[in-house]
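Each chain is listed here by its residues.
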Amino acid sequence: MWYQLTAASDGWLGVDLSEADHSAVAIVATGSPGSWTVLNCAPGAVPFPTEAGQTYTILAFDDQGDGVANGGRLKLTIDEITPPPEIDVTVDPEGTFDPRTGSATIRGTVTCTDEADFAFLETTLTQAVGRFVIPRFRFLRDQL
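Presented here is an overview of the structure given in this document. The structure displayed is predicted, hence computed values, not measured ones.

By size, the foremost hydrophobic cluster in this structure holds 14 residues, and its most contacted members are V15, L17, V28, F48 and Y56. Those elements that place two or more of their residues in this core are β2 (11-16), β3 (24-30), β5 (45-50) and β6 (55-62).

Given below as structure tokens:
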């Protein structure tokens, strides 16, 4: 389903699809067919910043994430929301490596302008050994 709205003021809006009876995704964009600028997309709920007078196009669709047949009852709600917190991550340019344990330690800081329900940080560390590169991945999710 396609929807359009023109923002009455600067601020933030949230598209909520959580009450659909199937797995649904929303894409929010400005522009027109052939020249879209996507602002955000996600399953369930999508926040996006608004400018007064700007027209926004919203595409809501069944992403088949629930593994059942297409479609069903779609409930789309659009409300004013508070801006999401701004998160800043800094990483120290040098880390340490313990050859006895094989552990690498990289330090840094994460700051947030407001409270958040959770944070998710994905890291990738690579080590060159001769002509090979050894990748390591880590996913951190924590309450703030």
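Having seen it, we continue.
Applying the stated criterion across every chain, the model contains two aromatic pairs. Each ring, one from W2 and one from W36, has its centre 5.9 Å from the other, and the planes form 15°; the classification is stacked. Of the two residues, W2 is situated in strand β1 (residues 2-6) and W36 in the loop between β3 and β4 (37-43); the sequence distance between them amounts to 34 residues. Both rings, one in F48 and one in Y56, keep their centres 5.3 Å apart while their planes meet at 50°; by these two values the pair is tilted.

Tallying each qualifying case throughout the model produces two salt bridges. Residue K75 pairs with E19 through a salt bridge whose shortest N-O separation is 3.4 Å. Taken as a pair, K75 in the loop between β6 and β7 (77-80) and E19 in the loop between β2 and β3 lie far apart in primary sequence, 56 residues in all. Residue classification places E19 among the partly exposed residues on the basis of a relative accessible area of 45%. The residue R100 makes a salt bridge to D98 at a minimum N-O spacing of 3.3 Å. A residue is classified by how much of its surface remains accessible, and R100, at 74% relative accessible area, is exposed.

Procedures and definitions
- Residues numbered from 1 in each chain as written.
- Predicted model: local features only at pLDDT ≥ 70, side-chain atom pairs only at ≥ 80, totals over all residues.
- Heavy atoms only, no water.
- Core = buried A, V, L, I, M, F, W, Y, C linked by side-chain atoms within 4.5 Å.
- Buried < 20%, exposed > 50% of the residue type's maximum accessible area, 1.4 Å probe, protein only.
- Helix = DSSP H or I, 4+ residues; strand = E, 2+ residues; numbered from the N terminus.
- Phe/Tyr/Trp six-rings, centres within 6.5 Å; stacked < 30°, edge-to-face > 60°.
- Salt bridge = Lys/Arg side-chain N within 4 Å of Asp/Glu carboxyl O.

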